[in-house]
Amino acid sequence: VHLALVLLYTMGLRRGELLRLTVGDYDPRERTLLIRASKFHKSRLLPLSADGDRTLTDHLDTRRAQHLPVSPETPVLWNGYAGGRPYTAVGLGHSLRSLLQTVGTRTPAGHLPRMHDFRHTFAVHALVRWYRAGVDVQAKLPWLALYMGHVSIMSTAYYLPFVERVAHTASTRFAQRYGALITAAAGPKGGDR
């Protein structure tokens, strides 16, 4: 479950993409994962974050040390309790909910996070990073859409509703860049501009 959480959070994967990953989809030299024939029958090659790469490498090293399967066709999320079969959506969902409940992780509304919430968080964090870095977020959205496997930027825009944290970061950036112009245009206090 730890590996699943790290990959969901750091890569923004869909649940099905995560469940279909095999050891052969991982390229340790390039630090990438091949997401094969996902939604809309699209495949994509995604870079792993340093944390994702380290966690996946440690996971596979542990399996090798315990003489557990690591052949290219073996599922990355190998379920030893189910005789080595891949996790099912229900099985992984149950394990994830159990862990989140045990550690007391809740959404602001008090609910347990859903698996898809990690994908949403990944996207929101990408936007916040870009706003903070001062990059042109509109120019970056097509890259985010491609990375997340969306068919168009409209899917990404729809998927990312107005989130308070993104709004605050965008507003702060706007105020830093253009706040003086707004103050100057308003004129002196009490003026009729």
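Going by the structure above, here's the rest.
Thresholds, definitions, all that
Residues numbered from 1 in each chain as written. Predicted model: local features only at pLDDT ≥ 70, side-chain atom pairs only at ≥ 80, totals over all residues. Heavy atoms only, no water. Helix = DSSP H or I, 4+ residues; strand = E, 2+ residues; numbered from the N terminus. Polar contact = N/O pair within 3.5 Å; in protein donor to acceptor, adjacent residues only side chain to side chain. Salt bridge = Lys/Arg side-chain N within 4 Å of Asp/Glu carboxyl O. Buried < 20%, exposed > 50% of the residue type's maximum accessible area, 1.4 Å probe, protein only. Phe/Tyr/Trp six-rings, centres within 6.5 Å; stacked < 30°, edge-to-face > 60°.

A. Main features of the side chain of His150. Locating His150 in the fold gives a position in the loop between α6 (137-148) and α7 (153-159). Within the structure, His150 has its side chain in polar contact with the side chain of Arg119 (distance 3.3 Å).

B. View of the pattern of salt bridges. According to the stated counting rule, one finds seven salt bridges in the structure shown. A salt bridge links Asp25 to Arg36, with the nearest nitrogen and oxygen atoms 2.7 Å apart. With a gap of 11 residues between them, Asp25 in the loop between α2 (15-20) and β1 (26-27) and Arg36 in the loop between β2 (32-35) and β3 (44-47) connect regions that are remote in the sequence. Since its relative accessible area comes to 6%, Asp25 is described here as buried. Ionic contacts of the salt-bridge type, sharing partners, join the residues Arg14, Glu17 and Arg44 into one network.

C. Structural context of the environment of Thr121. Mapped onto the elements, Thr121 comes out in helix α5 (residues 115-133). Residue class for Thr121 comes out partly exposed when judged on its relative accessible area of 26%. When the C-alpha positions of Thr121 and Leu8 are compared, they lie 9.4 Å apart, and in sequence the two are 113 residues distant. At 2.8 Å, the side chain of Thr121 and the backbone oxygen of Asp117 are in polar contact.

D. Region of the structure containing the packing of aromatic side chains. For the structure shown, the criterion picks out one aromatic pair. Ring geometry for Phe122 against Tyr147: centres 5.3 Å apart, planes inclined by 20°, an arrangement best described as stacked. A residue pair is termed long-range when its members are at least 10 positions apart, and Phe122 in helix α5 and Tyr147 in helix α6 qualify at 25 residues. With respect to class, Phe122 is no different from Tyr147; both count as buried.

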